[in-house]
Structure formats: structure tokens, C-alpha cells
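Coordinates in review
Take a look at the letters that make up each chain.
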Amino acid sequence: MMDTNYLLIILIVLVVAAALLFVWMRRDRAETPAETETLPVADADLVAVTADDAAPIIPTPTRPRGLAENPFAAPPVDTRPAPLPAAAPAQEDGPPDNLTMLKGLGPKAAGQLNALGITRFGQLAALSNAELDRIDAQMGNFRGRIVRDRWVEQAEHLAAGDVAGFEAKFGKLGG
């Protein structure tokens, strides 16, 4: 009789442990298809959005199998960066300007500008709004810094040799 009770208790403990393990494993599983909604975004790209705002957005393949191409979709846009026009030549001969003299422009951002063909203050100061937007879009982690840190305005002063005007507006040069 005593052995039967022990076996029954062990069996109950194993069943409870299995049930708890099952519930714990279900909790970690991703949402069920009923909890997600697939919405078209741009150019037939699809993104699964969950009903719960706190859950992450889960990207899905660009075009799932069996999904016909949308005849009303916009044509694909060429997102390759356009090369800089030859309208911004170097202002003078000799070594390039030290772009890190601009406030908020460090060596990595200067290297990125150099790779895009901007090596002189005069080039940066002469950029049109369209060229500025195109270069800013290619700046990666530094996107938005050209406008926010006013690099063009700073470059205008330094390209003109107006160190006093620069320091009056932006603080001591090199400091």
C-alpha cells in the first residue's frame, strides 16, 4: 500500500512538471498567425505587424509565393547614390583642407566626406540644396549632421578666410 502511494505521488509530480514545461515552452513561442496581420508597405514589400504594439515588427519575404504582382504598384526607384557633379572642383592646388576644424565634424565624418569627393571648405560651402541632400543621404551614421551642426555655414567662413567671423559665431577655432 505504501509503495503504491509513492508511485502515485511520483506520477502526479511528473504530470505536473510536464504540464508546466509545456506552458513555459508555449509562452516563448512566436505569435500565432491569428495575432499577426500582413500589410503591404512599398513596392510590394510585406511586413507582418502584430496586434500588440509592444511586440517587434517581423519582416517577411518581399513577395511570398503565390502572390501576384500588383499592377498598380509604383515602378521601382533607383536608390543608388548619384556621383557628385564636377561643379564642385577643388578651390586651390595643394593638400586638402582639414575638415575636422569644423565644429561637430570628426575624423570619421571627414573621411566619409573625402570619400564622397568633398576635401575643401569651399566645396562644402558651394553645395546646392539638392547636392547637400544627396551627400547627407550617403553619410550613414552621420546623416543629418551637416544641417544640425551647420557645417556648410562654418565652411563658408573658413573658405573665405573669415576666422574672426567663425569664432564669433561658433567659438574658438580648434577648441
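For the structure given in this document, a descriptive report is provided here. (Residues numbered from 1 in each chain as written. Predicted model: local features only at pLDDT ≥ 70, side-chain atom pairs only at ≥ 80, totals over all residues. Heavy atoms only, no water.)

**A look at helix H7 (residues 163-170)**
Helical geometry note: an α-helix holds 3.6 residues per turn, so side chains three or four residues apart project in the same direction. For H7, the full list of buried residues reads Gly 165, Phe 166 and Phe 170. The buried residues of H7 occupy an angular sector of 100 degrees when the element is viewed end-on, so they sit on one face. Exposed and oriented more than 90 degrees from the buried face of H7 are Ala 164 and Ala 168. In this structure, the buried side of H7 is in contact with helix H6 (151-159). Directly after H7, the chain includes Gly 171, whose backbone phi takes a positive value near 100 degrees. (Buried < 20%, exposed > 50% of the residue type's maximum accessible area, 1.4 Å probe, protein only. Helix = DSSP H or I, 4+ residues; strand = E, 2+ residues; numbered from the N terminus. Arc of directions from axis to C-beta. Contact = heavy atoms within 4.5 Å.)

**Some thoughts on the environment of Glu 153**
Its location among the elements puts Glu 153 in helix H6. The partly exposed category is assigned to Glu 153, whose relative accessible area is 22%. If we skip the residues at most four places from it in the chain, Glu 153 touches Lys 169 and Phe 170.

**Overview of the nonpolar core**
The nonpolar side chains of soluble globular proteins are, as a tendency, buried together. One finds Leu 102, Leu 105, Leu 113, Leu 124, Ile 135, Met 139 and Trp 151 to be the most contacted residues of the largest nonpolar core, which totals 22 residues. Secondary-structure elements contributing two or more residues to this core are helix H2 (107-115), helix H3 (121-125), helix H4 (129-137), H6 and H7. If one sorts the elements of this core by residue count, H6 sits on top with four residues. If near-sequence neighbours (up to four positions away) are discounted, Leu 124 is found in contact with Leu 102, Ile 118, Trp 151, Val 152 and Ala 155. (Core = buried A, V, L, I, M, F, W, Y, C linked by side-chain atoms within 4.5 Å.)

**A look at the side chain of Glu 131**
Secondary-structure assignment places Glu 131 in helix H4. No salt bridge is formed by the buried Glu 131; its nearest oppositely charged neighbour, Arg 134, is found at 4.6 Å. Reaching out from Glu 131, the side chain makes a polar contact with the backbone nitrogen of Ser 128 at a distance of 3.0 Å. (Lys, Arg positive; Asp, Glu negative; His and termini not counted. Salt bridge = Lys/Arg side-chain N within 4 Å of Asp/Glu carboxyl O. Polar contact = N/O pair within 3.5 Å; in protein donor to acceptor, adjacent residues only side chain to side chain.)

**Here we look at the side chain of Gln 123**
Assignment of secondary structure puts Gln 123 in helix H3. Among the polar contacts made by the side chain of Gln 123, one reaches the main-chain amide nitrogen of Arg 120 at a distance of 2.9 Å.

**Regarding H2**
Of all the positions in H2, only Ala 109, Ala 110 and Leu 113 are classed as buried. For H2, the arc enclosing every buried residue in end-on projection is 100 degrees, short of the 170-degree limit, so these residues lie on one face. Turned more than 90 degrees from where H2 packs its buried face, Pro 107, Lys 108 and Ala 115 sit exposed. Where H2 is buried, its residues contact H4 and H6. At the exit of H2 stands Gly 117, carrying a positive phi of roughly 95 degrees.

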